[in-house]
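Now for the letters of each chain:
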Amino acid sequence: MKIAELPFLERPVLELLNLQQHRDAPDRDYAGYGWARVDRLWLAVGEEPGMRLDDALVLALHSADDGEAIPDDVELEFELPGAAPVSVLASAFLERWLPKLPRASAVVLALCNPFDAVLRRPAGADATIHYGLGDVESWREDGERIILTADAWRTV
């Protein structure tokens, strides 16, 4: 399957980030993917209040559980219904998909980065891209505020 043929679709943000129902801990089995535009979200480290981002395009992606440690990339895995999972490098995926998606002030990768890869700017990217180091977890505070947490946040 070609990268452009992957079913990377727009989804409601609460569904995309697995926030439809209250949960006390991250769902380690959730491997959903897709994209959503959000008016506002926060990027946080630990219990800090976080940095507010307005007009963000959120890309939910899943890193391969058995992926290799690559210093400047992350191996993505797409679980496809009725087919074997497909692996692709984040750099190749972003170069192919970012130009097809709506423009926003910021792009946020809701993507676990278990080996703390330092991602490069994809060709043609015109917005700041935020990505986490370590696990990225999604939370919802007071029923409204969407928060993504990571060990640290970086931009490209």
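What you see is a predicted model, and the numbers here were worked out from it, not measured in a lab.

### Details of the sheet that holds strand β5 (residues 106-110)
Working step 1: Reading across the sheet, the seven strands line up as β7-β8-β1-β2-β5-β6-β9 and stay open at both edges, with mixed pairing between neighbours. Each edge of the open sheet is held by one strand with a lone partner, namely β7 (137-141) and β9 (152-155). When the angles between neighbouring strand axes are averaged without regard to direction, this sheet yields 40°.

### Comments concerning empty space enclosed by the protein
Working step 1: Overall, the coordinates contain three cavities of 30 Å³ or more when judged by the stated rule.
Working step 2: There is about 100 Å³ of room inside the largest cavity.
Working step 3: The class makeup of the residues in the lining of the largest cavity is ten nonpolar, one polar and two charged.
Working step 4: Put simply, the second largest cavity is a space of about 80 Å³.

### Some details on the pairing of strand β8 (residues 145-150)
Working step 1: Within β8, six of the six residues are buried, which leaves it mostly tucked inside the rest of the structure.
Working step 2: Side chains Arg145, Ile147 and Thr149 of β8 all project onto a buried face; the interleaved residues Ile146, Leu148 and Ala150 project onto the opposite face, where all are buried too.
Working step 3: Looking at chain direction, strand β1 (residues 34-45) and β8 are connected through four bridges and run parallel. From the neighbouring strand, Val45 faces β8, where its bridge partner is Ala150.
Working step 4: Bridge analysis of β7 against β8 gives five bridges, and the strand direction is antiparallel. Opposite Trp139, over in β8, you have Ile147 as the bridge partner.
Working step 5: Where β7 folds back on β8, the antiparallel hairpin that results is connected by three residues, among which Asp142 adopts a positive phi of roughly 55°.

### Examining the layout of surface pockets
Working step 1: Here the second largest pocket defines a volume of roughly 310 Å³.
Working step 2: Gly46, Glu47, Trp139, Ile147 and Thr149 are, among the 15 residues lining the second largest pocket, the residues nearest its centre.
Working step 3: Contributing elements (two or more residues each) for the lining of the second largest pocket: β7 and β8.
Working step 4: Here the residues of the lining of the second largest pocket sort into five nonpolar, two polar and eight charged.

### Here we look at the environment of Ala56
Working step 1: With respect to the secondary-structure elements, Ala56 resides in strand β2 (residues 51-60).
Working step 2: Residues Ala56 and Thr128 lie 72 residues apart in sequence; the distance between their C-alpha atoms is 9.8 Å.
Working step 3: Residues contacting Ala56, with those up to four places away along its chain left out, are Ala36, Arg37, Val38, Leu41, Ala104, Ala106 and Val108.

### With respect to the packing of aromatic side chains
Working step 1: Across all of its chains, the model carries five aromatic pairs by this definition.
Working step 2: Ring geometry for Phe8 and Phe93: centres 4.9 Å apart, planes at 80°, overall edge-to-face. Separated by 85 residues along the polypeptide, Phe8 in the segment before α1 (13-16) and Phe93 in helix α2 (residues 90-97) bring together distant segments of the chain. Neither residue differs from the other here; Phe8 and Phe93 are each classed as buried.
Working step 3: Just above the ring of Trp97 sits the side chain of Lys100; from NZ or CZ to the centre is 4.4 Å.
Working step 4: When the ring centre of Trp42 is taken as origin, the NZ or CZ atom of Arg145, which lies over that ring, is 4.4 Å away.

What counts, and at which threshold
Residues numbered from 1 in each chain as written. Predicted model: local features only at pLDDT ≥ 70, side-chain atom pairs only at ≥ 80, totals over all residues. Heavy atoms only, no water. Pairing = 2+ DSSP bridges. Helix = DSSP H or I, 4+ residues; strand = E, 2+ residues; numbered from the N terminus. Axes fitted to C-alpha atoms, helices over the stretch in contact; angles between N-to-C directions. 1 Å grid on protein atoms, 1.4 Å probe; cavity = no way out; pocket = protein on both sides within 12 Å on 5 of 7 lines; lining within 4 Å. Points joined across faces, edges and corners; volume = space filled by probe spheres on them. Nonpolar A, V, L, I, M, F, W, Y, C, P; charged D, E, K, R; others polar. Buried < 20%, exposed > 50% of the residue type's maximum accessible area, 1.4 Å probe, protein only. Contact = heavy atoms within 4.5 Å. Phe/Tyr/Trp six-rings, centres within 6.5 Å; stacked < 30°, edge-to-face > 60°. Lys NZ or Arg CZ within 6 Å of the ring centre and 35° of its normal.

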